[in-house]
Amino acid sequence: MKTVWVLQQFTSRYFDLTQPHYLVKLTQRERPIYTLDANEAYQFKSERDANAILTFDLKHEGWAARQVTLPNSQLH
C-alpha cells in the first residue's frame, strides 16, 4: 500500500461525477484526460507537486489534489 496524491475532479457542469474522475494527463491545449481508476491516475509525491500543474481553468472545472492510498502504486 502506498499513499500518493492525485488530481480528482470534484465538480463538473458536463459530467456525472457519481464515479470520481482522476487526471491521467493534459493535452497540448491543457485539456484534461481522465480515468475512473485511481491506479491509472497521474500520481504525485506531495500535495504541492499535484497543485503545481493546476491551471486556473482546471481549478474552475473542479479539479483539486486529493490524497489516496493505492495498492502497489508507482510514482510518476
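Everything discussed here concerns the structure shown above.
Residues numbered from 1 in each chain as written. Predicted model: local features only at pLDDT ≥ 70, side-chain atom pairs only at ≥ 80, totals over all residues. Heavy atoms only, no water.

A. Layout of the environment of T3. On the secondary structure map, T3 appears in strand β1 (residues 2–9). T3 gets classed as partly exposed once you look at its relative accessible area, which sits at 43%. Separated by 65 residues in the primary sequence, T3 and V68 place their C-alpha atoms 5.6 Å from one another. Ignoring sequence-local partners within four residues, the contact set of T3 consists of Q67, V68 and T69. (Helix = DSSP H or I, 4+ residues; strand = E, 2+ residues; numbered from the N terminus. Buried < 20%, exposed > 50% of the residue type's maximum accessible area, 1.4 Å probe, protein only. Contact = heavy atoms within 4.5 Å.)

B. Inspection of the side chain of T35 at higher detail. Looking at where T35 falls in the secondary structure, it is placed in strand β3 (residues 32–35). Given the relative accessible area of 10%, T35 is considered buried. Within the structure, T35 has its side chain in polar contact with the backbone nitrogen of D37 (distance 3.2 Å). Leaving out residues up to four positions away in the same chain, T35 has contacts with P20, H21, Y22, V24, E40 and A41. (Polar contact = N/O pair within 3.5 Å; in protein donor to acceptor, adjacent residues only side chain to side chain.)

C. Here's a closer look at the sheet that holds β1. Taken together, the four strands give an open sheet; going across it, the order is β3-β2-β1-β4, and neighbouring strands pair in antiparallel fashion. Strands with a single pairing partner mark the edges of an open sheet, and in this sheet they are β3 and β4 (63–70). Across the sheet, the mean angle separating the axes of adjacent strands is 55° when strand polarity is ignored. Here eight bridges tie β1 to β4, and the two strands are oriented antiparallel to one another. Each residue of the ladder has a partner; that of T3, found in β4, is T69. (Pairing = 2+ DSSP bridges. Axes fitted to C-alpha atoms, helices over the stretch in contact; angles between N-to-C directions.)

D. Representation of the nonpolar core. With nine residues, the main nonpolar core is built from W5, L7, L23, F44, A50, L54, L58, W63 and A65. Of all the elements in the fold, those that place two or more residues in this core are β1 and β4. Other than its neighbours up to four places away in sequence, A50 contacts W5, L7, F44 and A65. (Core = buried A, V, L, I, M, F, W, Y, C linked by side-chain atoms within 4.5 Å.)

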